[in-house]
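Examining the three-dimensional arrangement
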Amino acid sequence: MKNIKKVFALALVLVMALMFTACHEKGEIAVKIGDIEFTSAYYMCALINADSEAKYRVESELSDDESTDDVDYYSKKIDDKDFVTWVEDTALDYLKEIAAYKTLCKENNLEISDEEAENAEAYASFYWSSYGYSVYFEPNGVGESTYTNYMKDTYYSNLYFEHLYGEGGEKEIEADTVKAKMLDNFVVADILEVSFSEKKADEITALKEKINGYAADLKNGKKTFEEVYKDYNGTAEEAEEKEEAETDEPQPKDKYASILGSSITSYSSDYFTKVKAMATGEVKVIELDDGSGLVLAVKQDIEADSYYLDTLDVTVRHLIADEEYEADIKEYAEKMHCQVIDRVVKQFKVKKIVEPSAS
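Residues numbered from 1 in each chain as written. Predicted model: local features only at pLDDT ≥ 70, side-chain atom pairs only at ≥ 80, totals over all residues. Heavy atoms only, no water.

**Examining the environment of G281**
- By the secondary structure assignment, G281 is in the loop between helix 11 (272-276) and strand 7 (283-287).
- Remark: the alpha-carbon pair of G281 and D190, spanning 91 residues in sequence, is separated by 9.7 Å.
- Excluding residues that lie within four positions of it along the chain, G281 makes contacts with V298 and K299. (Helix = DSSP H or I, 4+ residues; strand = E, 2+ residues; numbered from the N terminus. Contact = heavy atoms within 4.5 Å.)

Here it is as structure tokens:
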């Protein structure tokens, strides 16, 4: 019976996919914003992403005794809008922003590089094949090529941002300001993480003694961090990869160092604050707040290696200017002429978005 249900579910998904693809012609235009045209499949891609964001918003506000299995999403409101309206409006906002980025880049003779295009294609392929996006998008009439184009278009945002706020840009952020923001929100340390997962009490006690022993050896100079790292990991694959990895990309002077960021960064670390408070060269064993493990940290000087300022430059500029940038782009986008082809768009219903069966 279970297998029959699976076959039936698969058949239903295929039928729904045929319904979506049959409703619209390949390559037909659904929305035109300024001079930028978006196909019906591209619009559906934006609608699916908006629907996913809406469901995440709803789920993040559920109480502890509510289960996602029982949620009636369509009865919920987001930002004082009913669920369906919010999804439709947000999908159109996505397209407006993309049209704004692409238009502004075109006006300034900016184009994403071959390397960026290749990166976008690689990410799209990974998410499509390895992350399961294909089973979500394809039943809704969105092919891999459309998803790849959508991914590529997101790169125009950062391209125009760097043009504005980067070195030599119209709104260039001074180097001293970038450096100060980096020092406020990032630190560098040699890090050895130790998990207590599936460990018994006596094993945890032994691990604590071992890590504290490492800390003592580091403090009195008996061992380097590299020796400690290799001693703990033995011939583990991770240790070998650090030792043998070769690349043409710029690398930090200390190959064992990790970047730790504050909560407002993409490098956010649970122990950022504790490491930031340490002195350069200080060794410390940090017990995780949830009791799930230990961290052996040796704080390094982030200013001593230009690699970090170079690597984090754009990230830090975004921390400084994103709020202004996003507001300006939104304002620009709202002023662009937007033509929605109703006969095409009305075929795509939020409540008919097909989701893959979990069973």
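**Quick notes on the pattern of salt bridges**
- Per the stated rule, a full pass over the model turns up 15 salt bridges.
- Between E324 and K171 there is a salt bridge whose closest N-O contact spans 3.6 Å. Of this pair, E324 sits in helix 12 (residues 306-335) while K171 sits in the loop between helix 6 (144-165) and helix 7 (175-185), placing them 153 residues apart in sequence.
- A relative accessible area of 31% places K171 in the partly exposed class.
- Across the pair E331 and K335 runs a salt bridge whose closest N-O atoms are separated by 3.5 Å. Pair noted here: E331 and K335 are both in helix 12, with a separation of four residues, about one helical turn.
- With a relative accessible area of 67%, K335 lands in the exposed category. (Salt bridge = Lys/Arg side-chain N within 4 Å of Asp/Glu carboxyl O. Buried < 20%, exposed > 50% of the residue type's maximum accessible area, 1.4 Å probe, protein only.)

**A short note on the sheet that holds strand 5 (residues 186-195)**
- Sheet architecture is open: four strands sit in the order 6-5-8-7, paired in antiparallel fashion. A strand with exactly one partner marks an edge of an open sheet, and here the two such strands are strand 6 (257-261) and strand 7. Sheet twist, expressed as the average angle between the axes of neighbouring strands with direction ignored, equals 45 degrees.
- As paired elements, strand 5 and strand 8 (residues 293-300) share eight bridges and run antiparallel to each other. (Pairing = 2+ DSSP bridges. Axes fitted to C-alpha atoms, helices over the stretch in contact; angles between N-to-C directions.)

**Topic: the nonpolar core**
- Ranked by size, the top nonpolar core spans 75 residues in total, and within it V31, F38 and L47 carry the most contacts.
- For this core, the leading source of residues is helix 3 (residues 83-107), giving 14 residues.
- The residues contacting F38, other than those within four sequence positions of it, are E28, I29, A30, V31, I33, L95, I98 and A99. (Core = buried A, V, L, I, M, F, W, Y, C linked by side-chain atoms within 4.5 Å.)

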